[in-house]
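# Remarks on the overall topology
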Amino acid sequence: MARTKTKLKLTPILQRKSRRPDIDEYFMKMCLCASERSTCRRHSVGAILVKNKMILSTGYNGAAKGAKDCLELGCLRDELGIKSGEHAEICRAIHAEQNAIIQASSKGLDIEGTTMYCTHSPCIICAKMIANAGVKEVVVFQKYPDDDSKKLFKEVGIKIRFIKKPDLSIEFYE
């Protein structure tokens, strides 16, 4: 999939054309920014953990610290012909959701009762980690081809919400 770049257009505040983003759009745009750091050749995924409208941690999908990533070595899943949504364990990358949880843990942050914003719905492995981490809600705009996480969330009482993909432009006023 080819990536496209959007130029930042500076607009005087009196000429503002768009409305102020709501809180879901605001956090989801931050997920999209985090996803730009992804080293996965298949999906650019970003995740953030939010509590009381404050960001606790961010994550994106990429190789473990110090390990070579897919941009450098190529995609192991592509080489083995593994379809998206299958055998998530066969991958060099740590998923964005996992990295957001790990980052919070490394800082000693309590993430019980948080909301996780993520560009994609989680795989079952991430869903299990999200459940055990005490996340209460997951907000996404892109469906990952794995319905097992949805079933687990229903069973353990985690709310999952699908929202519209946010506008990819950013208005900045001087």
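Summarised in this report is the structure supplied together with it. (Residues numbered from 1 in each chain as written. Predicted model: local features only at pLDDT ≥ 70, side-chain atom pairs only at ≥ 80, totals over all residues. Heavy atoms only, no water.)

## Some points on the overall build of the protein chain
Regarding its fold elements, the protein chain presents six helices and nine strands. Going through the 174 residues of the protein chain one by one, you find that 40% of them count as buried. The contacts in the protein chain between residues at least 6 apart in sequence include a share of 58% that link residues at least 24 apart. When the accessible area of the protein chain is evaluated, it comes to approximately 11000 Å², of which 53% is carbon and sulfur surface. (Helix = DSSP H or I, 4+ residues; strand = E, 2+ residues; numbered from the N terminus. Buried < 20%, exposed > 50% of the residue type's maximum accessible area, 1.4 Å probe, protein only. Contact = heavy atoms within 4.5 Å. Areas by Shrake-Rupley, 256 points an atom, 1.4 Å probe, with all protein chains shown as cover.)

## As for the nonpolar core
The biggest cluster of nonpolar side chains holds 20 residues, and the ones touching the most others in it are L49, I101, I111, M116, I130, V135 and V138. Elements with a contribution of two residues or more to this core: β2 (46-51), α4 (96-106), β6 (115-120), α5 (124-133), β7 (137-142) and α6 (148-156). When residues in this core are grouped by element, the largest group, four residues, is from α4. Setting aside its immediate chain neighbours within four residues, M116 contacts A47, I48, L49, E97, A100, I101, I130, V135, E137, V138 and V139. Ranked by size, the runner-up nonpolar core spans ten residues in total, among them F27, L32, V139 and F141. (Core = buried A, V, L, I, M, F, W, Y, C linked by side-chain atoms within 4.5 Å.)

## Considerations on the side chain of N61
Within the secondary structure, N61 is located in the loop between β3 (54-60) and β4 (62-63). Separated by 2.7 Å, the side chains of N61 and S38 make a polar contact. A distance of 3.1 Å separates a polar atom in the side chain of N61 from the backbone nitrogen of V45. Aside from chain neighbours lying at most four places away, what touches N61 is S38, T39, C40, H43, S44, V45, A93, I94, H95 and A96. (Polar contact = N/O pair within 3.5 Å; in protein donor to acceptor, adjacent residues only side chain to side chain.)

## Digging into the pattern of salt bridges
This structure, assessed with the given rule, holds six salt bridges. In this structure, E137 and R161 form a salt bridge, with 2.5 Å as the shortest nitrogen-oxygen distance. Taken together, the residues E137 in strand β7 and R161 in strand β8 (residues 159-162) connect sequence positions 24 residues apart. Since its relative accessible area comes to 12%, E137 is described here as buried. Looking at R161, the relative accessible area reads 23%, which means it is partly exposed. One salt bridge connects D148 with K151, and the closest N-O pair in it is separated by 3.8 Å. One end of the pair, D148, and the other, K151, are both in helix α6, three residues apart, so they sit about a helical turn from each other. Linked through salt bridges whose partners overlap, the residues forming this network are D24, E137 and R161. (Salt bridge = Lys/Arg side-chain N within 4 Å of Asp/Glu carboxyl O.)

## Here's the deal with the environment of E86
Here E86 shows up in the loop between α3 (76-80) and β5 (93-94). For the pair E86 and P145, spaced 59 residues apart in sequence, the C-alpha to C-alpha distance is 8.3 Å.

Everything listed here is a matter of geometry and, on its own, says nothing about what the molecule does.
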